[in-house]
Amino acid sequence: MTKTMYDTILVPTDGSKVAEKAVEHAIDLAQKYDAKLHALYVVDTDAVDIGLGTEQVERIKAGKFGEMEELQNRAKKATNAVGEAAAEHGIEVIEDVAAGRPHRSIDEYAKKNDIDLIVMGSKGRSGVRRALLGSVTERTLRSTYIPVLVVDFREEDD
Amino acid sequence: MAAELLMEASVVLANDYTNALEEGFKVIPALTVVLMLAVFLGVGWFFRVAAVDELWVAGRSIGPIENGMAIGANWMSAASYLGVAALVGTLGYFGLAYVVGWTTGYFILLIFMAAQFRRFGKYTAPDFVGDRFYSEKARAIAAFTTLVIAVVYAIGQGSGMGLMAEYILGVSYEVGVVVFMLVTIGYVALSGMLGTTKNMAIQYVILIVAFTGGLYAVGWTQGYSTVFPYLEFGAETAELSEIAAEAERQFIEPFAQGSLYAWVALAVSLILGTCGLPHVLVRFYTVDNERTARWSTVWGLLFICILYWGTAAYAVFGGLLYEDPASGADTGVTTGEVGSFMDMPGADADALVVLAAQLADLPEWLVGLVAAGAVAAALATTAGLFISASSAASHDIYTTLYNPDATQRQQVLVGRTTIVAVGLLVMLIALNPPALIGELVAMSFAIAASVFFPVFFLGLWWENATSEGAIAGMLTGIGISFVAILNDVLPMYVDIGGEGAVSPELAAILPGTSSALIGVPVVFLVIIAVSRVTQDPPEDVKRMVRQCHSPEPMSQQQTAEDVAATDGGQPADD
């Protein structure tokens, strides 16, 4: 197989509408470039800490993600959605789950798997929400050297 | 009852004398606190979870000693560090109910609940209630109660931090509460990951070194004690009780300050409350196995004991020094404001541990260290409480009940908003706390005991407890404990004429700090009665309950749910 510019494409997903929008673009690109598509769900350890408790973060660190069914199901649901959408276009998807701070985990995963392009959704945030949450996409842009395609999501796209 | 005492005291002290804590900004103690916070932040940053290498490969898990220390740090708050000595100092024998109550609960946890909770293997307390009683309504009530407990419990911590800020920073109590609460909110809300078990172990070490260091130094310099102050304060106690007797107060006479009934009611409330506190139980859900759960409890109990045993010694040393300060400073007694140490104003009582070190004329850095230990104790517990509040709001209420499709980012937003909101509410109430630190915390124990202990206990041990029974029981528990607390504290906020409780008769039988002696049996009866007349729980729930105390040890990664699903849940012989 001849090496094109984008042989492997990564689409991180959290199962939201914003991510779905990016998935459409990723599938189209994967088709055009005949690229392999990776779907990654990152279990956000900040969310686990504040939503389930610090002890649960340590549970993940201790390698017991296998017993945390609820989190696994969420992750599977999100990556399966990518797999199904891609299957309609005859594209195979490698689904994976990671844990940590999303931008760091995305960057590490991309490096480990020789990803050529990351496709991510973004929803403009401003004011308090931005101060409290920041934007995973923005942080990923800043922490990775791999090209990132940002797909803006607007409410009227619904 | 002692809430009245506090009010009386603040009325008596209408003139100059405010409290005995030295005023003014102190450089070394302030640096100690800053350094301590920097260490917590540094450790949190160093052990932060940037990315987990491999989700399904066993990593390092937490051993029983480390978990025991975390239990200790989570458990021992400003109420233990400052409050218990205050209560023993001002109420004498009656205050011992706090020492007994706040340690004995761990035996019940150890025998009946720690390992069983581990077997159930859930994330949060409302998760347990929701899944065990197959009811979202039950989950919602549990989440609400978790929030209330976090707020009431944290008020006491805010109050303790304010007092320590008075000494360390030389600011007013109110400014102190605001400053330290804002630091705490920021610490928990914006940085995540900081409450790691590592940090809790460090917090435990700091608080226990500061506490026992202060105790040894006071005992040694004043000639009260030598190598083991825990057993060397008998003569001092006798001396102190004579001083009290001259002022016509009873220090060591049992039940002079409160009746036998009040003493027992308080101790029972605290014991059972221990077994119903969401932020205590989280440490059992996640350990490797039941054995670790049990041994963590044993170690935790030892670590806790080191502090509690010392509180009475502190109270006695502090009382003597309050009567006759080695440093020559003014106290309520030397200025003639109060008749004896037992009548010291609430602000002095709650600062008694630090005050003892200060009045013993110990060097400022050492007094500062004792104060910093109190801040560490308050901070560690508040962080745990805030996380239990944020998880109740974000996981149990928002995600599970309201928006099942919530993204992780939305959960973080809800969680952080909750922490900020709870923090601000706590700060506001702590500006003018309705009772002594120890009493405030005891009120949250009364709620935990009446609302949670019965559903946890019956939920784990009686498979026929139904969702209707649990809901009726929890609502009854909320009713009893809330009425008792409001009866005590309402006159602080609403003018209903007169001081003290709304109904003194009710307060005598059902004190806000000790409503569980009546509350718990009533709630048990309600759950059992309602469960009897409603339809039995589904078979899979019953299997899960049986598995929680099966004699077959489970492998590391199993939970009761898995076992019940695979072997059909043969009734275990227990």
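Residues numbered from 1 in each chain as written. Chains lettered and ligands numbered in written order. Predicted model: local features only at pLDDT ≥ 70, side-chain atom pairs only at ≥ 80, totals over all residues.

Visitor: Please clarify how the overall build of chain A should be interpreted in this entry.
Guide: Within chain A, the secondary structure is distributed over seven helices and five strands. Moving toward the C terminus, one meets the helices and strands of chain A in the order β-α-β-α-α-α-β-α-β-α-α-β. Counting over 158 residues, chain A shows a buried share of 49%. (Helix = DSSP H or I, 4+ residues; strand = E, 2+ residues; numbered from the N terminus. Buried ≥ 20, exposed ≤ 12 C-beta atoms within 10 Å, placed from the backbone.)

Visitor: What am I meant to see in the overall build of chain B here?
Guide: A count of helical and extended segments in chain B gives 23 helices and one strand. Over its C-alpha atoms chain B spans a radius of gyration of 23 Å, differing by no more than 12% from the 25 Å that the globule rule assigns to 574 residues. In terms of its C-alpha atoms, chain B occupies a principal-axis envelope of roughly 75 × 55 × 45 Å. Burial statistics for chain B: of 574 residues in total, 61% are counted as buried. The contacts in chain B between residues at least 6 apart in sequence include a share of 82% that link residues at least 24 apart. (Rg over C-alpha atoms; globule rule 2.2 N^0.38 Å. Contact = placed C-beta atoms within 7 Å.)

Visitor: Mind showing me how you'd approach the confidence of the model for chain A here?
Guide: Do not read the fine detail of predicted coordinates wherever pLDDT is low. Residue-level pLDDT values for chain A average 87, and 89% of them are 70 or greater. For chain A, helix α6 (residues 127-133) of chain A is the element with the lowest average pLDDT, namely 66, and strand β1 (residues 8-12) of chain A is the one with the highest, namely 95. (pLDDT = per-residue confidence, 0-100.)

Visitor: How do you make sense of the interface of chain B and chain A when you look at a structure like this?
Guide: Buried accessible area, meaning the area lost when the parts come together, often serves as the stated size of an interface. Listed per partner, the contact involves 39 residues of chain B and 37 residues of chain A. Going through the elements one at a time, β1 (51-52), α12 (278-285), α16 (364-402) and α17 (408-431) of chain B are the ones with two or more residues in the side of chain B that touches chain A. Here the side of chain B that touches chain A gets seven residues from one element, more than from any other, and that element is α17(B). Residue classes in the side of chain B that touches chain A are distributed as 16 nonpolar, 19 polar and four charged. (Nonpolar A, V, L, I, M, F, W, Y, C, P; charged D, E, K, R; others polar.)

Visitor: I tried to follow helix α11 (residues 260-274) of chain B on my own but got confused; where do I start?
Guide: Count 3.6 residues to each turn of an α-helix, and residues three or four apart come out pointing the same way. All names here are of chain B. Compared with the 21 Å implied by 1.5 Å per residue over 15 residues, the 21 Å span of α11 between its first and last C-alpha is a close match. Most of α11 sits out of view: twelve of its 15 residues are buried. By the burial criterion, the buried members of α11 are A262, W263, A265, L266, A267, V268, S269, L270, I271, L272, G273 and T274. (Expected span 1.5 Å × (residues − 1).)

Visitor: Explain the sheet that holds strand β4 (residues 117-122) of chain A to me, please; I cannot follow it from the model alone.
Guide: Picture the strands of a sheet paired through backbone hydrogen bonds; they go either parallel or antiparallel. In space, the six strands of this open sheet follow the order β5(A)-β4(A)-β1(A)-β2(A)-β3(A)-β1(B), with mixed pairing throughout. Each edge of the open sheet carries a strand with a single partner, namely β5 (148-152) of chain A together with β1 of chain B. The pairing of strand β3 (residues 93-100) of chain A with β1(B) spans two bridges and is antiparallel. Counterpart to A:A99 in the pairing with β1(B) is B:V52. The strands touched by helix α5 (residues 102-112) of chain A are β1, β2 (36-44), β3 and β4 of chain A together with β1 of chain B; relative to β2(A), the strand with the most contacts, the crossing angle is about 150 degrees. (Pairing = 2+ DSSP bridges. Axes fitted to C-alpha atoms, helices over the stretch in contact; angles between N-to-C directions.)

Visitor: Looking at this structure, how should I read the packing of helix α6 (residues 125-132) of chain B against helix α7 (residues 136-169) of chain B?
Guide: Residues and elements named next belong to chain B. Here α6 crosses α7 at 160 degrees, and the two axes come no closer than 7 Å. Judged by the inter-axis angle, α6 sits roughly antiparallel to α7. For α6 against α7, the interelement crossing comes out right-handed. Of the residues in α7, those touching α6 at A125, P126, V129 and G130 are E136, A138, R139, A142, A143 and T146. Of the residues assigned to the contact of α6 with α7, the class counts are six nonpolar, two polar and two charged. (Parallel < 35°, antiparallel > 145°, perpendicular 65-115°, else oblique. Left-handed = near helix turned anticlockwise from the far one by under 90°.)

Visitor: What is the right way to read α12(B) from this model?
Guide: Taken across its eight residues, α12(B) has eight buried, putting it largely inside the fold. Along α12(B), the positions that sit buried rather than exposed are B:P278, B:H279, B:V280, B:L281, B:V282, B:R283, B:F284 and B:Y285.

Visitor: Just to check I follow, could you spell out the pairing of β1(A) for this structure?
Guide: For a regular strand, side-chain orientation follows a simple rule: the groups alternate between the two sheet faces. Residue and element names in this part refer to chain A. The buried fraction of β1 amounts to four of the five residues, a majority that puts the element mostly inside the structure. Pairing between β1 and β2: five bridges, direction parallel. Bridge assignment links P12 to a residue of β2, and that residue is L40.

Visitor: Would you take a moment to explain the confidence of the model for chain B for this structure?
Guide: Residues and elements named next belong to chain B. Residue-level pLDDT values for chain B average 86, and 91% of them are 70 or greater. The least confident element of chain B, judged by mean pLDDT, is helix α1 (residues 2-12) at 44; the most confident is helix α21 (residues 516-533) at 96. Here residues 1-15 is a poorly scored stretch, pLDDT under 50, and it has 24 contacts once near neighbours within four places are set aside; other chains count. The low-confidence segment residues 568-574, where pLDDT is below 50, has 13 contacts with residues more than four positions distant or belonging to other chains. Scored as a complex, the prediction yields pTM 0.88 and ipTM 0.87.

Visitor: Please clarify how unusual backbone geometry should be interpreted in this entry.
Guide: Negative phi values dominate among residues other than glycine, just as trans dominates among peptide bonds. One non-glycine residue, A:D34, lies in the positive phi region at around 55 degrees. Along the polypeptide, A:D34 turns up in the loop between α1 (17-33) and β2. The exposure class assigned to A:D34 is exposed, which follows from the 12 C-beta atoms found within 10 Å. If you check the backbone angles, B:D361 has positive phi at about 65 degrees while not being a glycine. Its place among the elements puts B:D361 in the loop between α15 (352-359) and α16.

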